[in-house]
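What follows is each chain in one-letter form.
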Amino acid sequence: MKPLHIALIIIAAIGLATVISLYGNTAQYVSFSEAEALSQEHPFKEYHVVCKLNKSKPLEYDAQEDANRLVFFAVDSLGNESQVIFNKPKPQDMERSEKLVLIGRHKSGVFYASNILSKCPSKYEDAPVQVGTAKN
Amino acid sequence: MANELASAPIQFQGEWLWLGNTGHAVVILAFVASLLAAFAFYKASQDDSGLWMNWAKRFFVGHSMGVLGIVIVLFSLIFFHRFEYYYVWRHSSLALPTHYMISCFWEGQEGSFLLWMFWNSVIGLVLLRQKSTFTAPVMAVMAFAEVALSSMLLGVEWGSFHLGSSPFELLRSERPDFLQIPILGSLGVGNYLQVITDGNGLNPLLQNYWMVIHPPTLFFGFATATVPFAYSLAGLWKGGQDRSWIRPALIWSLVCTGILGLGIIMGGYWAYESLNFGGYWAWDPVENASLMPWLLMAAAAHMLLISKSTGKHLFSAHLLVHLSFWLVLYATFLTRSGILGEASVHSFTDLGLSGQLLLFLLAFIGLSWWVSHSGSKGRSRIGWGMALALIGIPLLSLVIPESASTGFSSGLKWGGILLFSTTLVGFIQSLMKETANADSAENEDRIDSREFWMFLGAMFLILSLVQVFFATSIPVFNKLFGFKTAVPQAADYNRVQLWLAMPVMALMAMGHWFRFRQTAPEIWIKGLFKTVGLSLGMSFLLAWALEIFELGYFLFLFFSVYLITANAWYALEKKKKTWLGHGSSIAHLGFGVLLLGVLISSVNQRILTASTGIGMAPERNEKGEIDSKGIEFNRENAIVYKGRKAPFSYYQVEYKGARQGAGNDSINEYFLLSFRDTGSGDSFVLEPKTQNNPKMGLLAEPDTRHFLNKDIFTHVSYQSSLDKTEPFAGFKNDTLRLGQTFTTSSAKLALRLDSFSSYPSPEGLIVKLKVAASQMGFGSGLESQYQYLYPQFKINTQSGAFESAPVESNELGLFLSIQHMKILDPNPKAENLEFVMQTGEKKPVIPYVVVKSIEFPWINAVWAGTILMVLGFAMSIAKRIREQRQLLA
């Protein structure tokens, strides 16, 4: 065994470990009910839930009461609904969003999101027809 | 498509079709010329008469002129606001200043391919000036790359199959719905351009100085990655033992690493200046896409250096150069195919070109395979079979819709994966065989040689790449294998990269203290001892001063200090023939400064607006440690009311009010925040802005105060005008002349009709009144207490129709509308006018903003380190070019 080969084997082992731990540690997309079940086992792990904002229920944000608290209801792809608490101001495009990815934990019936990624239907790309007034 | 409307063909008025047709023509010219050039350069590499070479050069120059032509035509269309062209309508608008018109140029995919192609042809012209046996084969590869790139602009369609997407498509063919706009019924469809008066505009986030120079820098970096690849192929073509390709490839790999690195940091600086995620690096897939080829190209450059100096590791040098070019193509595929979808905030939309992009990636891997087998028999038969399969499989999967037969398409997918892997393995195997003799066993690296440590450094860089690669490619693997893995967060990267960066830093620090082949023990042992000793002392002091005690961060701190110290010491101690010889020390040192800046500005960053509230105590985890990401998170935003002060850590911050931008900038609202340092008493004003963009919703752009040792970064998270407000009530009408005073129904506000102005507009006469309002009570009537409101109305001069434009002020709780205007005297003097004013009222709301302020300590080290690094690269490149000249002279 030459020193270079030993070093290479060590590096390859670290690389393999990195990739395995990446897939082991990275969260899976789950439903609210799965997040609830998993959160009971691992209360400090975060889960990703793909869902939609329930627009028929109120979205509460009162900056003067608490600038860091947003409460709303979301429905995941299986139709489960959950209350969501987010300790940040309301994201600006929240109501326009088509899909939300919530990252956080489920605890006693409430999903505590640490981050929200919102996907808007057509951010910029298919903007409505730009119609001006006729030129003279 | 538009012909449903009328039986006779419609004559569209006012279109500059000739210019777009010229554009199409130059695209075809550029494509055909690159195809001819690629073929002629290939022939020229096998023919010494020079006949093919002459033609090849002409074709390539013709191609370059074609590319320049495309650039000129596209820019003219944008410059003259020809909104009949889809690209111009989509990406620009009348209001854009010229320097941002340049940014529109590369906002779209077609434009960015054009930019890449432009740089490639510039590099090609530079390479053409050199007279060497490499010119023909290298240019053949460059021209082949141009074939691939220019085909992206062709815009040819056969049924569901696209070949490229042209930037010269007409708006009416891309968006036939525009011809259905109701108003065209009276104007006539042919006059549709009279209605399309303005374009969609440039994404406001991209309207930034850095967005003018960041993409060209990045694409120049991408384009330079082709050159070492081309030299490697040319070297392999000559035979696996050839080493003459290494010197020129090394120069270009240094150019690529330097420029790409600069481009990446420029992108980070843009993100820091105009996005509100609070930082310059978010491990976004788009950022990673350019980081990956950089990491590998940096490793490749070092491998080339080893090969140049010792003749060893030829196999690794070839392989890394190939991999880094493939990664550039893979990065393009990732960002342009739409596969990242929700993974990225700013990935580009799918133009339906993912198949074509994949095809190029595979074609270039196939090319590597083919050339590496150039020595073996039966190559051409297997080669053609492989090539056909490589092209056929993605094509079939494009033509046959996925719904046709799931069994068949999954068969194709697995077939493709199998073929891809065998090609890759075949290439590596053949490359090993071809280069085998050069890597003879006697030439094994000694542990006290520079090449041993440099090789390890390159391997650790690749290790870092492996993590980024697998994490960024998760959406690809999800799609291929049906996984449901979530997209990794920044923390998932940081956790691993923190440790992976340490061996790289250590090797970058000690590498210089070793000589190639063998080093006398007293040199390297002494070198190691003094630099490690000094760095240890310095890092303990720094750790104490900066309060960085966590093991991982402390080690990172130590290694970055060691990287800086060891290289600075080496540069000071070591005499070089020319000062340019210190390039590598300076580049390494700069990288150390950059990483030190990254560490301090992230670990010691402070959210000045953070607060703890009732019930907000951090939870403890299973181990009983305080869990900083507990169920109750940090409360990172603070509210500030207008005219009041709030403490942001050691700053006293007053919100002075908002102002609307002027002219073209009127879409932006600026929030004036006055900061006063309670310790030193120094004060400054920050004006973060928000933009209520009709297409993108509300956007917030931060404002940052730069100090030498820290930055104060501030952005608006929420503003009071977004609140739903209660309706106005207590409406009351008053009939008044100018100068008269009146009150609202509850008499809480005193009002005065101040002055009047009018101006004509195409829709009629617009009349504007200036009304002064103040709260009743103490101090009322003082001029300083007044706020001014400007209600308007419009009279249609023909019909006499009257239209009021009321104003509302939540701050005063006042609604004000002009109900009527009466001219009392035929002489229309201002004092002869009588107005009926309607007032309404509600509870006044004090305006406020919710803001987040972050202190980034020593972030300037990140930028300073980058500048040093680029300087170091420039010096090394200059040194290598000089060497090359001396060698040829």
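Calculation notes
- Residues numbered from 1 in each chain as written.
- Chains lettered and ligands numbered in written order.
- Predicted model: local features only at pLDDT ≥ 70, side-chain atom pairs only at ≥ 80, totals over all residues.
- Heavy atoms only, no water.
- Helix = DSSP H or I, 4+ residues; strand = E, 2+ residues; numbered from the N terminus.
- Buried < 20%, exposed > 50% of the residue type's maximum accessible area, 1.4 Å probe, protein only.
- Areas by Shrake-Rupley, 256 points an atom, 1.4 Å probe, with all protein chains shown as cover.
- Contact = heavy atoms within 4.5 Å.
- Expected span 1.5 Å × (residues − 1).
- Pairing = 2+ DSSP bridges.
- Axes fitted to C-alpha atoms, helices over the stretch in contact; angles between N-to-C directions.
- Polar contact = N/O pair within 3.5 Å; in protein donor to acceptor, adjacent residues only side chain to side chain.
- Salt bridge = Lys/Arg side-chain N within 4 Å of Asp/Glu carboxyl O.
- Phe/Tyr/Trp six-rings, centres within 6.5 Å; stacked < 30°, edge-to-face > 60°.
- pLDDT = per-residue confidence, 0-100.
- Parallel < 35°, antiparallel > 145°, perpendicular 65-115°, else oblique.
- Nonpolar A, V, L, I, M, F, W, Y, C, P; charged D, E, K, R; others polar.
- Left-handed = near helix turned anticlockwise from the far one by under 90°.
- Patch = residues over 30% accessible without salt bridge, like charges linked within 9 Å, V, L, I, M, F, W, Y side chains within 5 Å.

Let's talk about the overall build of chain A
Part 1 of the argument: Helix and strand counts for chain A come out as 2 helices and 6 strands.
Part 2 of the argument: Its helices and strands in sequence order give chain A the pattern α-β-α-β-β-β-β-β, from N to C terminus.
Part 3 of the argument: Within the span of chain A, comprising 136 residues, buried residues form 43% of the whole.
Part 4 of the argument: Summing over all exposed atoms, chain A offers an accessible surface of approximately 6900 Å²; the carbon and sulfur share of this is 54%.

Side note on the overall build of chain B
Part 1 of the argument: Secondary structure summary: chain B contains 23 helices and 23 strands in total.
Part 2 of the argument: Here chain B, with 889 residues, has 54% of them falling under the buried criterion.
Part 3 of the argument: Residue pairs at least 24 apart in sequence account for 69% of intrachain contacts in chain B once pairs closer than 6 positions are excluded.
Part 4 of the argument: Here chain B displays about 39000 Å² of accessible surface, and carbon together with sulfur accounts for 61% of that area.

A few points about helix 20 (residues 521-546) of chain B
All names here are of chain B.
Part 1 of the argument: Here helix 20 is 26 residues long and its end C-alpha atoms lie 36 Å apart, about the 38 Å a rise of 1.5 Å per residue gives.
Part 2 of the argument: Of all the residues in helix 20, the buried ones are Gly527, Thr531, Ser535, Ser539, Ala543 and Leu546.
Part 3 of the argument: Along its buried surface, helix 20 packs onto helix 21 (551-573) and helix 22 (583-603).
Part 4 of the argument: Among the residues trailing helix 20, glutamate 547 stands out with phi positive, at a value near 55°.

A closer look at the sheet that holds strand 22 (residues 833-841) of chain B
All names here are of chain B.
Part 1 of the argument: Taken in spatial order, the 4 strands of this open sheet run 13-22-21-20, and their pairing is antiparallel. In this open sheet, the two strands that pair with only one neighbour each are strand 13 (729-736) and strand 20 (807-809). Going from strand to strand, the sheet's axes swing by 20° on average, the running direction of each strand aside.
Part 2 of the argument: Bridge analysis of strand 21 (residues 814-823) against strand 22 gives 9 bridges, and the strand direction is antiparallel. Its bridge partner being in strand 22, lysine 822 is matched across the sheet by glutamate 834.

Topic: the side chain of B:Asn208
Residue and element names in this part refer to chain B.
Part 1 of the argument: Within the secondary structure, asparagine 208 sits in the loop between helix 8 (184-187) and helix 9 (209-224).
Part 2 of the argument: For asparagine 208, a relative accessible area of 11% corresponds to the buried category.
Part 3 of the argument: Side-chain polar atoms of asparagine 208 contact the backbone nitrogen of tryptophan 210, separated by 2.7 Å.
Part 4 of the argument: The contact partners of asparagine 208, leaving out residues within four places of it in the chain, are Tyr100, Trp270, Glu273 and Ser274.

Quick notes on the pattern of salt bridges
Residue and element names in this part refer to chain B.
Part 1 of the argument: All chains considered together, the criterion is met by 19 salt bridges over all chains.
Part 2 of the argument: Here glutamate 573 and lysine 530 are joined by a salt bridge, their closest N and O atoms 2.8 Å apart. Remark: lysine 530 occurs in helix 20 and glutamate 573 occurs in helix 21; sequence separation between them is 43 residues.
Part 3 of the argument: With a relative accessible area of 40%, glutamate 573 lands in the partly exposed category.
Part 4 of the argument: The structure contains a network of salt bridges with shared partners spanning Arg247, Lys308, Arg880 and Glu883.

A look at the packing of aromatic side chains
All names here are of chain B.
Part 1 of the argument: What the rule picks out here adds up to 63 aromatic pairs over all chains.
Part 2 of the argument: Between tyrosine 651 and phenylalanine 684 the ring centres are 5.6 Å apart and the planes differ by 85°, which places this aromatic pair in the edge-to-face class. On the criterion of sequence distance, the pair formed by tyrosine 651 in strand 6 (residues 651-660) and phenylalanine 684 in strand 8 (residues 683-686) is long-range, its members being 33 residues apart.
Part 3 of the argument: Under the relative-accessibility criterion, phenylalanine 684 is labelled buried at 6%.

Section: the pairing of strand 16 (residues 764-775) of chain B
Residue and element names in this part refer to chain B.
Part 1 of the argument: Pairing analysis gives 12 bridges linking strand 15 (residues 749-761) to strand 16, with the strands arranged antiparallel. The partner of serine 761 across the bridge, within strand 16, is glycine 764.
Part 2 of the argument: The loop that links strand 15 with its antiparallel partner strand 16 comprises 2 residues.
Part 3 of the argument: Bridging between strand 16 and strand 18 (residues 792-795) involves 4 bridges; their strand directions are antiparallel. Residue pairing for strand 18: isoleucine 766 is matched across the bridge by lysine 794.
Part 4 of the argument: Bridging between strand 16 and strand 17 (residues 787-789) involves 3 bridges; their strand directions are antiparallel. In the sheet register, alanine 772 faces strand 17, and the bridge partner there is tyrosine 788.

Some points on unusual backbone geometry
Residues and elements named next belong to chain B.
Part 1 of the argument: Backbone geometry at tryptophan 283 places phi at a positive 55°, although glycine is not the residue there.
Part 2 of the argument: Along the chain, the position of tryptophan 283 falls in the loop between helix 11 (246-274) and helix 12 (285-310).
Part 3 of the argument: Even without being glycine, serine 649 reaches a positive phi, approximately 50°.
Part 4 of the argument: Checked against the element boundaries, serine 649 lands in the loop between strand 5 (645-648) and strand 6.

Description of the confidence of the model for chain A
Part 1 of the argument: When pLDDT is averaged along chain A, the result is 80, and 87% of the positions lie at 70 or above.
Part 2 of the argument: A low-confidence stretch, residues 122-136 of chain A (pLDDT under 50), is modelled with 36 contacts involving residues beyond four sequence positions or located in other chains.

Quick word on the packing of helix 13 (residues 314-336) of chain B against helix 14 (residues 354-372) of chain B
Residue and element names in this part refer to chain B.
Part 1 of the argument: Axis separation between helix 13 and helix 14 bottoms out at 9 Å; the angle between their running directions is 175°. On the basis of the axis angle, helix 13 is roughly antiparallel to helix 14. Seen from helix 13, the contacting residues are His322, Phe325, Trp326, Leu329, Tyr330, Thr332, Phe333 and Arg336; seen from helix 14, they are Ser354, Leu357, Leu358, Phe360, Leu361, Phe364, Ile365 and Ser368.
Part 2 of the argument: Across the contact of helix 13 with helix 14, the residue classes tally to 11 nonpolar, 4 polar and 1 charged.

Regarding the side chain of B:Ser601
Residues and elements named next belong to chain B.
Part 1 of the argument: Position of serine 601 relative to the elements: it lies in helix 22.
Part 2 of the argument: A distance of 3.2 Å separates the side chain of serine 601 from the side chain of tyrosine 280, its partner in a polar contact.
Part 3 of the argument: There is a polar contact of 2.7 Å between the side chain of serine 601 and the backbone oxygen of glycine 597.

A closer look at the environment of B:Gly338
Part 1 of the argument: Structurally, B:Gly338 can be placed in the loop between helix 13 and helix 14.
Part 2 of the argument: For the pair B:Gly338 and B:Ser354, spaced 16 residues apart in the sequence, the C-alpha separation amounts to 7.8 Å.

Overview of the environment of B:Thr714
Residue and element names in this part refer to chain B.
Part 1 of the argument: By secondary structure assignment, the location of threonine 714 is in strand 12 (residues 710-719).
Part 2 of the argument: Here threonine 714 falls in the buried class, since its relative accessible area comes to 0%.
Part 3 of the argument: Distance from threonine 714 to threonine 609, taken between C-alpha atoms, is 9.5 Å for residues 105 residues apart in sequence.
Part 4 of the argument: With residues up to four places along the chain from it excluded, the contact list for threonine 714 reads Leu673, Phe675, Leu686, Pro688, Pro702, Asp703, Val851, Lys852 and Ser853.
Part 5 of the argument: In this structure the side chain of threonine 714 is engaged in a polar contact, spanning 2.6 Å, whose partner is the side chain of serine 853.

What about the packing of helix 11 of chain B against helix 23 (residues 860-888) of chain B?
Residues and elements named next belong to chain B.
Part 1 of the argument: At a minimum axis distance of 9 Å, the contact between helix 11 and helix 23 shows a crossing angle of 165°. Taken together, the axes of helix 11 and helix 23 are roughly antiparallel relative to one another. As for how helix 11 packs across helix 23, the hand of that crossing is left-handed. For the pair helix 11 and helix 23, the contacting residues are Arg247, Pro248, Leu250, Ile251, Leu254, Val255, Thr257, Gly258, Leu262, Ile265, Tyr269 and Tyr272 in the first and Trp863, Thr866, Val870, Phe873, Ser876, Ile877, Arg880, Ile881, Glu883, Gln884 and Leu887 in the second.
Part 2 of the argument: In the contact of helix 11 with helix 23, the residues fall into 15 nonpolar, 5 polar and 3 charged.

Quick notes on the pairing of strand 15 of chain B
Part 1 of the argument: Bridge count for strand 14 (residues 741-743) of chain B against strand 15 of chain B is 3 bridges, and the pairing is antiparallel. Bridge pairing in strand 15 of chain B links B:Thr741 to B:Arg752.

Focus on the environment of B:Asp47
Part 1 of the argument: In this structure, B:Asp47 sits in the loop between helix 1 (17-44) and helix 2 (51-79).
Part 2 of the argument: Exposure remark for B:Asp47: the relative accessible area of 24% places this residue in the partly exposed category.

Here we look at a nonpolar patch on the surface
Residues and elements named next belong to chain A.
Part 1 of the argument: Taken together, the side chains of Ile6, Ile10 and Ile14 make up a nonpolar region of the molecular surface, amounting to roughly 240 Å² of accessible area.
Part 2 of the argument: If you trace the backbone, isoleucine 6 turns up in helix 1 (residues 3-25).
Part 3 of the argument: For isoleucine 6, a relative accessible area of 41% corresponds to the partly exposed category.

Focus on the confidence of the model for chain B
Part 1 of the argument: Here chain B averages 85 in pLDDT, and 87% of its residues register 70 or above.
Part 2 of the argument: Here residues 400-405 of chain B scores under 50 on pLDDT; set against residues more than four positions off or in separate chains, the count is 2 contacts.

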